[in-house]
Amino acid sequence: MRAALEKLAVRDARRIYAANPAALAPLDAVLERMDRAARDGDRYGVDKADIDFHRELCRASGNDVVTILWNALALHAYIVLARESLYITDLHQVVDVHRTLREAIAFSEEPLDKIMDRHILERDHMVLRE
């Protein structure tokens, strides 16, 4: 459900970012917080910034319904991310995939569904499996 909402959000957010690159500033602020948290080894901070990043994409879309629904799922998403992050050995990987996502949404011509699917899989590949 979360992935479907975010795919809707990034379609509109991409148009907004293309028309006004300054609209990327809130995403950049979240990325800076995520990077600081990763440098400090703060898993909670990285996970919170991860949630905030995706919330900001929804907010940037201007689609209030998507944002309301996404916020309803945010606690569950945070619980899943926090559990998974215990098995991520390098928190900077989380930052890197979000920087890549930011660039792809803002500047790539690649289909957004493909970008979002890849982003979701990247997180899954960071988690060490036993």
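As a convention, each chain's residues are numbered from 1 in the sequence order in which they are written. In keeping with the model being predicted, local features are shown solely for residues with a pLDDT of at least 70 and side-chain atom pairs are shown and tallied solely at 80 or more, while totals for entire chains, interfaces and linings include all residues. Processing note: side-chain calculations cover all non-hydrogen atoms of the structure and skip hydrogens and water entirely.

## Some points on the environment of Y17
Alright, step 1. To qualify as a helix, a DSSP run of H or I must reach at least 4 residues; to qualify as a strand, a run of E must reach at least 2; elements of each kind are numbered from the N terminus. For Y17, the position within the fold is in helix α1 (residues 2-19).
Alright, step 2. The rule is simple: take the accessible area with a 1.4 Å probe, protein chains only, and divide by the maximum for that residue type; under 20% is buried, over 50% is exposed, in between is partly exposed. For Y17, a relative accessible area of 2% translates into the label buried.
Alright, step 3. The criterion used for residue contact is that any of the two residues' heavy atoms lie within 4.5 Å. Sequence-distant contacts of Y17, defined by excluding residues within four places in its chain, comprise A23, L24, L27, E56, L57, A60 and I105.

## Focus: the confidence of the model for the protein chain
Alright, step 1. Confidence of the prediction at every residue is given by pLDDT, a number between 0 and 100. Predicted confidence across the protein chain gives a mean pLDDT of 89, with 94% of residues reaching 70 or more.
Alright, step 2. Element-level pLDDT for the protein chain is lowest in helix α6 (residues 112-126), with a mean of 77, against a maximum mean of 97 in helix α2 (residues 25-39).

## Topic: the pattern of salt bridges
Alright, step 1. By salt bridge we mean one thing: a side-chain nitrogen of Lys or Arg within 4 Å of a carboxyl oxygen of Asp or Glu. Tallied over the entire structure, the rule returns 14 salt bridges.
Alright, step 2. Between R59 and E56 there is a salt bridge; the shortest N-O distance is 2.5 Å. Of this pair, R59 and E56 both sit in helix α3 (residues 43-61), three residues apart, roughly one helical turn.
Alright, step 3. The class for R59 is partly exposed, based on a relative accessible area of 46%.
Alright, step 4. Residues joined by salt bridges that share partners form a network here, namely R33, K48, D52 and R55.

## Looking at the nonpolar core
Alright, step 1. Buried residues of nine kinds, namely Ala, Val, Leu, Ile, Met, Phe, Trp, Tyr and Cys, make up a nonpolar core once their side-chain atoms join them within 4.5 Å. Membership of the largest hydrophobic core comes to 26 residues, with the highest contact counts inside it found for Y17, M34, V46, F53, L57, L101 and I105.
Alright, step 2. Contributions of two or more residues to this core are made by α1, α2, α3, α5 (92-107) and α6.
Alright, step 3. Discounting chain neighbours no more than four positions away, the residues touching L57 are A9, V10, A13, Y17, L27, L101 and I105.

## Some points on the packing of α1 against α3
Alright, step 1. With axes taken as lines fitted to C-alpha atoms, and helix axes fitted only over the stretch in contact, angles between N-to-C directions fall between 0 and 180 degrees. Their axes nearest at 7 Å, the elements α1 and α3 cross at an angle of 55°. Taken together, the axes of α1 and α3 are oblique relative to one another. The chirality of how α1 crosses α3 is left-handed. When α1 is examined against α3, the residues R2, E6, A9, V10, D12, A13, I16 and Y17 are found in contact with a partner set consisting of H54, E56, L57, C58, A60 and S61. Working definition: roughly parallel below 35 degrees, roughly antiparallel above 145 degrees, roughly perpendicular at 65 to 115 degrees, and oblique for all remaining angles. Handedness of a crossing follows from how the near helix is turned relative to the far one, being left-handed for an anticlockwise turn of less than a right angle and right-handed for a clockwise one.

## Overview of α1
Alright, step 1. Here the expected length of a helix is defined as 1.5 Å per residue gap, with one fewer gap than residues. Between its first and last C-alpha, α1 extends 26 Å over 18 residues, near the 26 Å set by a 1.5 Å rise per residue.
Alright, step 2. When α1 is considered as a whole, its buried residues turn out to be L5, E6, K7, A9, V10, A13, R14 and Y17.

## Quick notes on the packing of α2 against α5
Alright, step 1. The contact between α2 and α5 brings their axes to 9 Å, and the two run at 165°. When the axes of α2 and α5 are compared, the pair comes out roughly antiparallel. Of the two possible hands of crossing, α2 and α5 adopt the one that is left-handed. Residues L27, D28, L31, M34, D35, A38 and R39 of α2 pack against H92, V94, V95, H98, R99 and R102 of α5.

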